[in-house]
Amino acid sequence: MRTQSQYLEEINRLLADYLKEIENSDLKPLSAQVYQVQSKNFVRWINGEFTPGEVKKSKRQAQERAGGN
């Protein structure tokens, strides 16, 4: 997916605000990290820079090649 730049600019501004809110929250570090990573991945997805499951798929393929499958 690719989003128009005018919208992406506003989304990035809102993401920065959201990340600050997470940072200032009382969330435990691991929980905060999950919130941050997932929201960043969403913004990357709408900008055409991320595909869900992509890392998992490439790791699995590398393991299959290493194992000779």
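Residues numbered from 1 in each chain as written. Predicted model: local features only at pLDDT ≥ 70, side-chain atom pairs only at ≥ 80, totals over all residues. Heavy atoms only, no water.

**Details of the confidence of the model for the protein chain**
When pLDDT drops low, the exact placement of atoms in the prediction is not to be read closely.
Moving on, step 1. Predicted confidence across the protein chain gives a mean pLDDT of 89, with 93% of residues reaching 70 or more.
Moving on, step 2. Across the protein chain, the secondary-structure element scoring lowest on mean pLDDT is helix 3 (residues 54-67), at 74, and the one scoring highest is helix 2 (residues 29-46), at 96. (pLDDT = per-residue confidence, 0-100. Helix = DSSP H or I, 4+ residues; strand = E, 2+ residues; numbered from the N terminus.)

**Here we look at helix 2**
Moving on, step 1. Across its 18 residues, helix 2 extends 26 Å between first and last C-alpha, which sits within 8% of the 26 Å expected from 1.5 Å per residue.
Moving on, step 2. All of the buried residues in helix 2 are Ala-32, Ser-39, Asn-41, Val-43 and Ile-46.
Moving on, step 3. Of the surrounding elements, those touching the buried residues of helix 2 are helix 1 (5-23). (Expected span 1.5 Å × (residues − 1). Buried < 20%, exposed > 50% of the residue type's maximum accessible area, 1.4 Å probe, protein only. Contact = heavy atoms within 4.5 Å.)

**A look at the nonpolar core**
Moving on, step 1. In terms of nonpolar packing, the biggest core is built from seven residues, these being Leu-8, Leu-15, Leu-19, Ile-22, Ala-32, Val-43 and Ile-46.
Moving on, step 2. Contributions of two or more residues to this core are made by helix 1 and helix 2.
Moving on, step 3. Take this core: its biggest share by element is four residues, from helix 1.
Moving on, step 4. Sequence-distant contacts of Ile-22, defined by excluding residues within four places in its chain, comprise Leu-27, Ala-32, Tyr-35 and Gln-36. (Core = buried A, V, L, I, M, F, W, Y, C linked by side-chain atoms within 4.5 Å.)

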